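Here is how the chains run, residue by residue.
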Amino acid sequence: MAQIGGLGGNAINPNAGGIRPPIGDGQPSGPVSHGILRIPNGTTVEGLVLGKDGDLYQVRIGMNMMNARSNIPLFVGQRFRAIWDSTVTPPLLRLQQPDMAVLGRFAGRDQDIASALLSRGLPVNDETIWTLRQQWMQSGGDPSRIGVLAELWARGAAMTEANAALLAWYMELTPGAAMHIWKKIQDRLHSKKFSSPKELLEALKEDGDSDVRDFLAAHALAGKPARRGLDPAMLLAPSWWPVEDSLGEPVMAKVSFSSGQKGERQVWRVAFEMEGSFIGPVWGSVMANSKAFSVNIRLEDAAKIPAVMDNLPVLRDDLSDIPLALQHLGVGALARNERLTSSQHGLDVEA
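In this report, we go over the structure that sits alongside the text. (Residues numbered from 1 in each chain as written. Predicted model: local features only at pLDDT ≥ 70, side-chain atom pairs only at ≥ 80, totals over all residues. Heavy atoms only, no water.)

### Concerning the packing of helix α2 (residues 108–118) against helix α4 (residues 146–155)
And then number 1: Two numbers describe how α2 lies on α4: the axes approach to 9 Å, and their chain directions differ by 55°. Viewed along their axes, α2 and α4 adopt a mutual orientation that is oblique. At the point where α2 passes α4, the crossing takes the right-handed sense. Where α2 approaches α4, its residues Asp112, Ile113, Ala116 and Leu117 are matched on the opposing element by Ile146, Gly147 and Ala150.
And then number 2: Its residues assigned to classes, the contact of α2 with α4 shows five nonpolar, one polar and one charged. (Axes fitted to C-alpha atoms, helices over the stretch in contact; angles between N-to-C directions. Helix = DSSP H or I, 4+ residues; strand = E, 2+ residues; numbered from the N terminus. Parallel < 35°, antiparallel > 145°, perpendicular 65-115°, else oblique. Left-handed = near helix turned anticlockwise from the far one by under 90°. Contact = heavy atoms within 4.5 Å. Nonpolar A, V, L, I, M, F, W, Y, C, P; charged D, E, K, R; others polar.)

### Digging into the side chain of Glu151
And then number 1: Following the sequence through the fold, Glu151 ends up in helix α4.
And then number 2: Classification of Glu151 as buried rests on a relative accessible area of 0%.
And then number 3: Reaching out from Glu151, the side chain makes a polar contact with the side chain of Arg155 at a distance of 2.7 Å.
And then number 4: Other than its neighbours up to four places away in sequence, Glu151 contacts Arg120, Leu167, Met171, Leu235, Leu236 and Ala237. (Buried < 20%, exposed > 50% of the residue type's maximum accessible area, 1.4 Å probe, protein only. Polar contact = N/O pair within 3.5 Å; in protein donor to acceptor, adjacent residues only side chain to side chain.)

### Structural notes on empty space enclosed by the protein
And then number 1: Throughout the structure, instances matching the rule amount to three cavities of 30 Å³ or more.
And then number 2: Considering only enclosed or pocket space, the second largest cavity measures out at about 40 Å³ in volume. (1 Å grid on protein atoms, 1.4 Å probe; cavity = no way out; pocket = protein on both sides within 12 Å on 5 of 7 lines; lining within 4 Å. Points joined across faces, edges and corners; volume = space filled by probe spheres on them.)

Here it is, written out as structure tokens:
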């Protein structure tokens, strides 16, 4: 019910529950809020297990409740990334064969931990399994906490119960809920002048709004860069950031960070996702070193590419304020099986 590195299926949605693209064959059961009626066979989906009845699972994919089976056991509260197989009824959440071989090395609790790591494209080895098992058992062994602990581990953050609870709450936020809290923060910022960001943060923490305090604490955890060598787009808990869409309306973007080493040079990577009112879903990635950076943008709706291309001069002008050389700015359609990896950025790391 997971996959390593986006092997097969459609491209991976960095959100904590979603499909790409939202049309096709799978039949949902339950409320549908986005008009999504079917999921194409072979699509990579992300979601949450809501219930279990024998070998049938009720899962939430995006905002839709679906019935499905899985080719490995799942538990209520588990987040997953899987291939949607609609050639059978009910549809099957399928873990690919290479992943099944990895899972076969483990049993019991260790297999649950390995599954959580695989579903995020994280390394599965005895050391990582042992570390997560120790932390998981110390926090009470709640199955729904395995994925959250894996997210904390992937960022090098302390795997405490407090951090796990904060990040679990943050991962459940909808774009609307995240925007509501951001507006509270913006209103406070505009109501008074602060001498420094530190003073603003202290004021926000002391104003009695628990949602704001929890959001800021969880936002800091989700904003921590992924461990070196990890693809930030694979994590299921990117951080929420407010941006403006093409009409100047506020929307929320999900952003993940990581860093690595190319020879003697440090390289930083950012993966992001948002949905504009005109151009629809957008996925992108940025790669930078100390001298240059590149930007790669992909749209779900290929018909919107010309409109974005027309506005590239404006984007280039905005990017010129960054004190680094822009080596590459690419726009295209998100192709089936494509992932926005560092090899697609066009950045010469030796420059």
